[in-house]
Structure formats: structure tokens, C-alpha cells
Amino acid sequence: MPPRLSSPYGLRPPKSATTPMKSGSPALQAPPLSEFYDSRTRTQHLLQPRHKTSPLIWCGAVVCVVFSLLLILAGVITLIIFLVVKPRNPSLDLTAASLNTIYIDSSTYLNSDFTFLANFSNPNHKIDFTFEYLGVELYFHDRIIAVQAVQPFAQRTGESRLESVHMVTSEVSLLPGLALQLQQQVRSNSVVYSIRGTFKVKASLGAGHFSYWIYPRCDVELSAPPNGVLVAKRCRMKS
């Protein structure tokens with residue numbers, strides 16, 4: 001006879017195998033197939049090979065790196081030139097001035113004749129300047145009373161240049177308070193004007209050059225006309 005297969009429980013199955021499940025007890029159920037397929041899909045996505053980086057992206061990255069290095073190199077060169085050359089702005093000074101006329105018509109309309117001699121200087125030893133635009137304005141307090149343009153010119157290193165600037169005021173309306181204050185200054189033999197400039201300057205160093213704006217300002221005190229002369233001055237430069 002063939003040998004019988006014995007179970008670990010003997011010849012009879014265990015009670016749990018034959019005893020029917022009571023109603024109300026939880027039943028063991030297999031996981032749904034949807035969860036199995038979702039897990040399998042996620043695993044496949046993780047195992048997929050990554051896409052290679054596009055050559056265009058690599059080229060763009062290389063261009064950005066090269067451009068950044070060029071910017072850094074240009075900054076270092078500019079710093080070295082600045083430390084070696086030590087550039088300075090051109091300077092403006094007044095050497096003389098004359099106030100020939102001040103006349104206030106109808107108590108508020110100003111007529112004036114004012115001339116000053118401007119001294120433009122280039123304090124640099126290695127940089128040449130070209131004044132491409134020169135505009136001059138004359139103020140009494142914050143009221144502009146005359147404008148004048150100066151012809152452009154070039155200035156080499158260490159040079160100075162004198163320019164006569166004639167400012168004529170014709171029928172410029174003043175507020176009654178300003179007109180009264182100007183009349184009081186004339187009577188006290190001390191007239192205060194403000195000269196403000198707007199200059200476009202091109203600086204040249206060898207083959208390189210760059211342009212920028214400067215804004216000189218001079219406050220002057222003059223004696224009363226008709227023989228008004230320069231009594232005091234204070235000039236400064238802004239860029």
C-alpha cells in the first residue's frame with residue numbers, strides 16, 4: 001500500500017479548518033486588483049531610465065559661464081585701471097565776474113546783465129576730456145533767470161581753458177517777495193546769484209573712452225551794479 005501523508009494534526013484536520021465561521025466575525029479578504037496594478041505602475045515609473053540633458057541646455061550653460069567670467073575679468077581690469085590712473089573729474093572755477101545791470105520793471109519783471117569768466121581745468125595726467133555739451137543756468141534763489149550755451153571743446157591732460165559766459169536776463173517775472181529781496185540786496189551792495197551747469201564729458205584713455213554727465217555749481221556774491229564785481233564764490237562739482 002502506498003504511504004499515507006500525515007498532517008501535523010494527525011489524521012483529522014484542525015478544528016479551525018472544519019468549524020464554520022460564525023456570523024459577524026471579520027473575513028480575511030485579498031487586496032483589490034486596482035491597488036496591485038497601481039503599485040506595479042509606480043514601480044515601473046521609478047525603474048524607467050532618465051532622459052538625457054538636451055545639447056542646447058548644455059550650450060546655454062557654457063555661454064552663461066563664459067559671459068560671467070568675462071564680466072568678472074572686465075571688472076578686475078577696470079579696478080586695476082582705476083587704481084593706476086586715479087581718474088578725476090574736470091573742475092570749474094570762476095576767476096572774475098561783473099554785474100553790469102539790474103533793473104526791475106513794473107515791480108516784478110527783472111532785467112539783468114551778468115558776465116563771468118569760467119576756468120575749466122583737467123587735473124588728470126593720463127586722461128583727455130572732450131566737453132560735448134555745456135549748458136549754463138543762472139538762478140536767483142530757486143528762480144531761473146537766464147540760460148546760456150557754451151561751444152564744445154576738447155581739453156588735454158593738465159590743460160586749463162578760460163571761457164567768457166554772458167548771461168542776459170530780459171523781462172523775467174519774479175514773485176513780489178523775490179523782487180523785493182533782490183532790491184534789498186542791491187541797496188545793501190551784496191547780490192547773491194547761483195550758477196549751475198549741465199555738462200556732458202567724454203573721457204579718453206588710449207583707445208578707450210566713455211561719456212558721463214557732471215553738474216557744477218557756483219554760488220557767487222557780487223557788489224551792486226553798474227560796477228558790480230566778484231566779492232566771494234563757492235564752487236563744487238557733482239557727477
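Residues numbered from 1 in each chain as written. Predicted model: local features only at pLDDT ≥ 70, side-chain atom pairs only at ≥ 80, totals over all residues. Heavy atoms only, no water.

A. Molecular detail of the overall build of the protein. Secondary structure assignment for the protein yields four helices and nine strands. Reading the protein from its N end, one meets helices and strands in the order α-α-α-β-β-β-β-β-β-α-β-β-β. By residue count, 27% of the 239 residues in the protein fall in the buried class. Within the protein, residue pairs in contact and separated by at least 24 positions form 65% of the contacts whose partners lie at least 6 positions apart. Accessible surface, the protein as shown: approximately 17,000 Å² in total, 61% of it carbon and sulfur. (Helix = DSSP H or I, 4+ residues; strand = E, 2+ residues; numbered from the N terminus. Buried < 20%, exposed > 50% of the residue type's maximum accessible area, 1.4 Å probe, protein only. Contact = heavy atoms within 4.5 Å. Areas by Shrake-Rupley, 256 points an atom, 1.4 Å probe, with all protein chains shown as cover.)

B. View of the nonpolar core. Core analysis: the biggest nonpolar cluster contains 40 residues, and Phe 114, Phe 116, Tyr 193, Ile 195 and Phe 199 have the highest contact counts within it. Listing elements by their share of this core, those giving two or more residues are β1 (91-105), β2 (109-121), β3 (128-140), β4 (143-150), β6 (160-173), α4 (176-187), β7 (191-205) and β8 (208-222). Among all residues touching Ile 195, those that are not within four sequence positions of it are Leu 94, Phe 114, Phe 116, Val 136, Glu 137, Leu 138, Pro 216, Arg 217, Cys 218 and Val 220. (Core = buried A, V, L, I, M, F, W, Y, C linked by side-chain atoms within 4.5 Å.)

C. Local environment of the pairing of strand β9 (residues 228-238). Note: β1 against β9, two bridges, orientation antiparallel. Paired with Leu 99 across the strands is Gly 228, a residue of β9. As defined by bridge partners, β8 adjoins β9 across eight bridges and the pair is classed as antiparallel. Considered in β9, the bridge of Asp 219 is made with Arg 234. Hairpin geometry of β8 and β9 is characterised by an intervening segment of five residues between the two adjacent antiparallel strands. (Pairing = 2+ DSSP bridges.)

D. Just the pattern of salt bridges, in detail. Tallying each qualifying case throughout the model produces eight salt bridges. Arg 156 serves as the salt-bridge partner of Asp 128, at 3.9 Å between the closest nitrogen and oxygen. Taken together, the residues span a long stretch of sequence, with Asp 128 in strand β3 and Arg 156 in the loop between β5 (153-155) and β6 at a distance of 28 residues. By relative accessible area, which is 22% here, Asp 128 ends up partly exposed. In this structure, the salt-bridge partner of Arg 234 is Asp 219, at a minimum N-O distance of 3.3 Å. In this pair, Arg 234 sits in strand β9 while Asp 219 sits in strand β8, placing the two residues 15 residues apart along the sequence. Members of the salt-bridge network, linked through shared partners, are Arg 217, Asp 219, Arg 234 and Arg 236. (Salt bridge = Lys/Arg side-chain N within 4 Å of Asp/Glu carboxyl O.)

E. Molecular detail of the pairing of β7. Inspection of the sheet shows β3 paired to β7 by eleven bridges, in the antiparallel sense. The partner of Gly 135 across the bridge, within β7, is Thr 198. Pairing analysis gives 13 bridges linking β7 to β8, with the strands arranged antiparallel. Across the sheet, the residue bridging to Ser 194 is Asp 219, located in β8. Where β7 folds back on β8, the antiparallel hairpin that results is connected by two residues, among which Gly 206 adopts a positive phi of roughly 65°.

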